[in-house]
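Fold and contact review
What follows is the residue order along each chain.
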Amino acid sequence: MAESTNVMLDKWERLVTDGKPVELFEHVSLMTLDSIMKCAFSCHSNCQTNSKNTYIQAVYSLCRLVHQRLRIFPYHNDFIYWLSPHGYQFRKVCQLAHDHTDKVIQERKESLKDEREFEKIQKKRYLDFLDILLCAKYENGAGLSDEDLRAEVDTFMFEGHDTTASGISWLLYCLASHPEHQARCREEIQEILGDRETLQWEDLGKMTYSTMCIKESLRLYPPVPGVSRQLSKPITFPDGRTLPEGTVATISIYLIHRNPSVWKDPLVFDPWRFSPENISGRHSHAFLPFSAGMRNCIGQQFAMNEMKVALALTLLRFELSPDPTKPPTKIPQIILRSKNGIHIYLKKIR
Ligand code: HEM
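Predicted model only: the values in this text are computed from it and were never measured.

So, on to the packing of helix 2 (residues 24–41) against helix 3 (residues 54–71). Relative to each other, helix 2 and helix 3 sit at 115 degrees, their axes nearing to 11 Å. With respect to their mutual orientation, helix 2 and helix 3 come out roughly perpendicular. Remark: the crossing between helix 2 and helix 3 carries right-handed chirality. Where helix 2 approaches helix 3, its residues Phe25, Glu26, Ser29, Leu30 and Leu33 are matched on the opposing element by Tyr55, Ile56, Gln57 and Tyr60. Across the contact of helix 2 with helix 3, the residue classes tally to six nonpolar, two polar and one charged.

Residues Trp12, Leu24, Leu175, Leu320, Ile344 and Leu346 are the most contacted members of the largest nonpolar core, which totals 54 residues. Ranked by the residues each element gives to this core, the list is headed by helix 14 (residues 300–317), at ten residues. When near neighbours in sequence (up to four residues on either side) are disregarded, Trp12 contacts Val22, Leu24, His27, Val28, Leu172, Thr314, Phe318 and Leu346. Among the nonpolar cores identified, the runner-up in size contains 30 residues, and Leu62, Val93, Leu112 and Leu130 belong to it.

Below, the discussion takes up the sheet that holds strand 6 (residues 318–322). The strand order across the open sheet built from three strands is 1-9-6, with neighbouring strands paired in antiparallel fashion. The open sheet terminates on both sides in strands that have one partner only, identified here as strand 1 (22–23) and strand 6. Of the pairings in the sheet, the one linking strand 6 to strand 9 (residues 343–348) comprises five bridges and is antiparallel in character. Within the sheet, the bridge partner assigned to Pro322 lies in strand 9 and is Ile344.

How each quantity is defined
- Residues numbered from 1 in each chain as written.
- Predicted model: local features only at pLDDT ≥ 70, side-chain atom pairs only at ≥ 80, totals over all residues.
- Heavy atoms only, no water.
- Axes fitted to C-alpha atoms, helices over the stretch in contact; angles between N-to-C directions.
- Helix = DSSP H or I, 4+ residues; strand = E, 2+ residues; numbered from the N terminus.
- Parallel < 35°, antiparallel > 145°, perpendicular 65-115°, else oblique.
- Left-handed = near helix turned anticlockwise from the far one by under 90°.
- Contact = heavy atoms within 4.5 Å.
- Nonpolar A, V, L, I, M, F, W, Y, C, P; charged D, E, K, R; others polar.
- Core = buried A, V, L, I, M, F, W, Y, C linked by side-chain atoms within 4.5 Å.
- Buried < 20%, exposed > 50% of the residue type's maximum accessible area, 1.4 Å probe, protein only.
- Pairing = 2+ DSSP bridges.

Here it is as structure tokens:
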């Protein structure tokens, strides 16, 4: 994570010499993709330095097209969508994303063919996600089919980078807009590190104030603004209204996080909402950036750690301030993005 963040920060150093603001979102997306590829697939893609990454472009287009399909009613019909130009575009970009995933899987399968390599992988202290998938067997002893493998890898690659990219970009925007909290986070990080330049695993648990800021940013800008469920049985609400079985219900995490009956002055950025005393008085489902229940986010610890690493290394190198001429415009495209990007001034401090 730190290695990937430093590649991004080096790029920013080169970019800010002309004093212009930087659009963060795309850089951060490449960084989190680079990081998940290394951590889950031991794959060094160099996607941050290889210009114009087709996978990233495909992920962007897929988010836009899915959001558009939801909004345009006739597109809910599979046949109409299939025949439409947008349906054609959707199939094309899906193919691009699938090709990328297939390549990652095929490369690992090739390396597993070499027996020595396989033994090496089995002896590894920590298997990566792809090793686990390739070695996994059903109860009948069969391994996962190529299609199942691709579905799992796609989910992990997609969920594992775009969401965290949104989280980090909005976090940096929040701290750029609130210099007092930014300074306090920087002081905390400098105090933890002392003379050291690199972060250790143990440091992450000590970033108390920074963690409160991360949570407050996830409250105001939840990377996954809503989740949907198909009801397996009818549900009756306290006011007596009911929804029948089979209904697809959407829960807005964004609106729960800004509900004035749950949060006092909901639009104010106040990290102290997440102090232990303040948390204890609140409903357990008032804050749901990673959802809850059986299908909650399995990557939440990974995401929190990545956000801490990115925050710490960025604040040690740069002072952030917003570009008042280009305030971000929130748009839910599966994940919470900004229509016009997130533009930040970066002043080098070290
Ligand atoms: C700030 C970053 C992240 C946020 C806000 C987030 C949020 C969420 C949410 C809300 C869900 C539930 C979706 C639903 O119920 O429909 C989810 C599911 C999931 N997330 Fe994350 N996520 C983040 C990062 C990650 C990372 C880094 C990974 C992988 C390393 C990951 C892997 C997954 C997977 C595999 C699921 C599906 C779990 C299941 O269906 O059982 N997420 N995430």
